[in-house]
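# Observations on the three-dimensional arrangement
This is what each chain is made of:
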Amino acid sequence: DGLEQSDDIRYLEELALDGLCIGTDEDDSIIRKMDNTPDASPKVLPVSYGKNGIIKSRSSIISDEDYAKLSLFVKRREEIIAKDILSGKIEISPYTYKQKNSCKYCSFKAVCRFDPYIKGFKMRFLKSPGRGNDWEGLAAKAGRQEEDQ
């Protein structure tokens, strides 16, 4: 039974999700119910608890309010991108993030012909947002995007 349980836990850990969970230190009831591990850190969700039972700061949780700000930002970005595409503005603008390069996964290499060694072509370098996400700044940026349209 112990071996079967450890196999189940290993299987759950392989299925672990990456992303954000809605919740707070004060109300983690949904997180606990989703993973069905009331007395331990979730195996499937990107959340971990300290010995004191409080969610650790490295966990990927977001409040309802901050999720609304993030959703507004994403919606505004989608609108801007859609308008750009419909107006014919389709730039070649690949990025590098940490050690990953968007060109590696692109299915348009043959059409794009991006070459960082040719003058005028340049790679965008994205920075990690860090742990202390600036949700207020993101909401303000979404508002500025709307004004720019």
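The structure contained in this document is the topic of the report that follows. As the structure is a prediction and not an experimental result, all values here were calculated from the model.

Another point: the overall build of the protein. On a plain count of helices and strands, the protein comes out with five helices and five strands. Counting from the amino terminus, helix and strand elements in the protein follow one another as α-β-α-β-α-β-β-α-β-α. For the protein, buried positions account for 21% of its 149 residues. Carbon together with sulfur atoms contributes 54% to the accessible area of the protein, which is approximately 11900 Å² in total.

This part covers the sheet that holds strand β4 (residues 100-101). Spatial strand order, β4-β3-β5: three strands in an open sheet with mixed pairing. Looking at strand neighbours, the two that pair on one side only are β4 and β5 (124-126), the edges of this open sheet.

Okay, the layout of surface pockets next. The volume enclosed by the second largest pocket comes to roughly 410 Å³. In this structure, the second largest pocket is lined by 16 residues; those nearest its centre are Glu 91, Ile 92, Ser 93, Cys 106 and Cys 112. Here the lining of the second largest pocket gets three residues from one element, more than from any other, and that element is helix α4 (residues 109-112). Residues belonging to the lining of the second largest pocket are distributed by class as follows: ten nonpolar, two polar and four charged.

For helix α3 (residues 64-86), which comprises 23 residues, the first-to-last C-alpha distance of 33 Å matches the rise-based estimate of 33 Å (1.5 Å per residue) to within 8%. Restricting attention to buried positions, one finds in α3 the residues Asp 66, Lys 69, Phe 73, Arg 76 and Ile 80. Once α3 ends, the next one or two residues include Gly 88, with phi positive near 90°.

As enumerated under the stated definition, the model contains five salt bridges in all. Ionic pairing is found between Glu 79 and Arg 76, a salt bridge with its closest N-O pair at 4.0 Å. Taken together, the positions of Glu 79 and Arg 76, both in helix α3 and three residues apart, correspond to about one turn of that helix. Judged by its relative accessible area of 34%, Glu 79 falls in the partly exposed class. Residue Arg 76 is classed as buried on the basis of its relative accessible area of 15%. Asp 84 is the partner of Lys 89 in a salt bridge, and the nearest nitrogen-oxygen pair spans 4.0 Å. For Lys 89, a relative accessible area of 43% puts it in the partly exposed group. Owing to a relative accessible area of 24%, Asp 84 belongs among the partly exposed residues under this scheme. Within the structure, one salt-bridge network assembled from shared partners comprises Glu 65, Asp 66 and Lys 69.

By the secondary structure assignment, Thr 96 is in strand β3 (residues 95-97). On the basis of relative accessible area, Thr 96 is assigned to the buried category, the value being 16%. Apart from the residues lying within four places of it in its own chain, the contact partners of Thr 96 are Asn 101, Met 123, Arg 124, Phe 125 and Leu 126.

This brings us to a nonpolar patch on the surface. There is a patch of nonpolar side chains on the surface, built from Tyr 11, Leu 12 and Leu 15 and spanning about 280 Å² of accessible area. Relative to the assigned elements, Tyr 11 resides in helix α1 (residues 2-14). For Tyr 11, a relative accessible area of 52% gives the class exposed.

Rules and cut-offs
Residues numbered from 1 in each chain as written. Predicted model: local features only at pLDDT ≥ 70, side-chain atom pairs only at ≥ 80, totals over all residues. Heavy atoms only, no water. Helix = DSSP H or I, 4+ residues; strand = E, 2+ residues; numbered from the N terminus. Buried < 20%, exposed > 50% of the residue type's maximum accessible area, 1.4 Å probe, protein only. Areas by Shrake-Rupley, 256 points an atom, 1.4 Å probe, with all protein chains shown as cover. Pairing = 2+ DSSP bridges. 1 Å grid on protein atoms, 1.4 Å probe; cavity = no way out; pocket = protein on both sides within 12 Å on 5 of 7 lines; lining within 4 Å. Points joined across faces, edges and corners; volume = space filled by probe spheres on them. Nonpolar A, V, L, I, M, F, W, Y, C, P; charged D, E, K, R; others polar. Expected span 1.5 Å × (residues − 1). Salt bridge = Lys/Arg side-chain N within 4 Å of Asp/Glu carboxyl O. Contact = heavy atoms within 4.5 Å. Patch = residues over 30% accessible without salt bridge, like charges linked within 9 Å, V, L, I, M, F, W, Y side chains within 5 Å.

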